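Report on the structure
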Amino acid sequence: MRLVVDLIRGMNVEKALYTLKFTNKEAAIRVEKLLLSAIKNWEAKNEGKRVEDSNLFVKEVSVGGGRQLKRLRPAPQGRGYRIRKRSNHVTLIVDSKTEIN
């Protein structure tokens with residue numbers, strides 16, 4: 001997940017969406033969905049403004065470790081190997097670049 005997130009940090013939103021669409025990682029699909037949700041949330045807060053005109057960019061993205069599901073896998077001679085199924089928490093902040101006059 002961190003590899004995919006590092007690709008889009010600081011990018012323009014349109015360019016980040018294209019990058020995620022053509023990245024061959026499973027995590028790219030999930031981050032793309034999260035980015036689309038962040039854009040929709042921005043639109044809901046800023047009514048009357050267009051995404052294309054406001055020059056949106058990915059301001060901040062961070063990945064934190066989530067909980068682990070611990071499972072056992074059968075192994076030779078009656079043993080069990082432990083499998084850790086990891087998850088994570090992703091925080092994505094979108095902002096607009098505005099020039100201050």
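The structure contained in this document is the topic of the report that follows. Each chain has its residues counted from 1, running along the sequence as written. Only residues with pLDDT of 70 or above have their local features reported here, since the model is predicted, and side-chain atom pairs are shown and tallied only from 80 upward, although totals for entire chains, interfaces and linings are computed over all residues. The side-chain figures draw on all heavy atoms in the structure; neither hydrogens nor water molecules are used.

Topic: the overall build of the protein chain
To keep things clear, this is the line we draw: In DSSP terms, a helix is any run of H or I states spanning at least four residues, a strand is any run of E spanning at least two, and both are numbered starting from the N terminus. C-alpha atoms define the radius of gyration in this analysis, and the globule rule sets the expected value at 2.2 Å times the number of residues to the power 0.38. Burial classes follow relative accessibility: with a 1.4 Å probe on protein chains only, a residue under 20% of its type's maximum area counts as buried, one over 50% as exposed, and anything between as partly exposed. Methods summary: accessible areas were calculated by the Shrake-Rupley approach with a probe of 1.4 Å, and residue burial reflects only the protein chains presented.
A tally of regular secondary structure across the protein chain gives four helices and two strands. Going from N to C terminus, the protein chain has its helices and strands arranged as α-α-α-α-β-β. Taking 13 Å as the expected radius of gyration for a compact globule of 101 residues, we find that the protein chain reaches 19 Å, considerably beyond that expectation. With respect to the principal axes defined by its C-alpha atoms, the protein chain has extents near 75 × 25 × 20 Å. Counting the 101 residues in the protein chain, one finds 28% classified as buried. Accessible area of the protein chain: about 8000 Å², with a carbon and sulfur share of 48%.

Here we look at the pairing of strand β1 (residues 56-74)
Going by this rule: Here the rule is simple: two strands pair whenever DSSP picks up at least two bridges between them.
Where β1 and strand β2 (residues 80-96) come together, 16 bridges link them in antiparallel fashion. The residue bridging Leu69 from the neighbouring strand is Lys85, located in β2. Between the end of β1 and the start of β2, which pair antiparallel, lie five residues, with Gln77 showing a positive phi angle near 60°.

Description of the packing of aromatic side chains
Note the cut-off: Each pair of aromatic rings taken from Phe, Tyr and Trp, with Trp reduced to its six-membered ring, is defined by centres within 6.5 Å and is described as stacked if the planes are under 30 degrees apart, edge-to-face if over 60, and tilted in the remaining cases. The rule for a charge over a ring is simple: NZ of Lys or CZ of Arg within 6 Å of the ring centre, and within 35 degrees of the ring normal.
Taken as a whole, this structure holds zero aromatic pairs when the rule is applied. A cation over a ring is seen here: Lys97 above Phe57, with NZ or CZ 5.1 Å from the ring centre.

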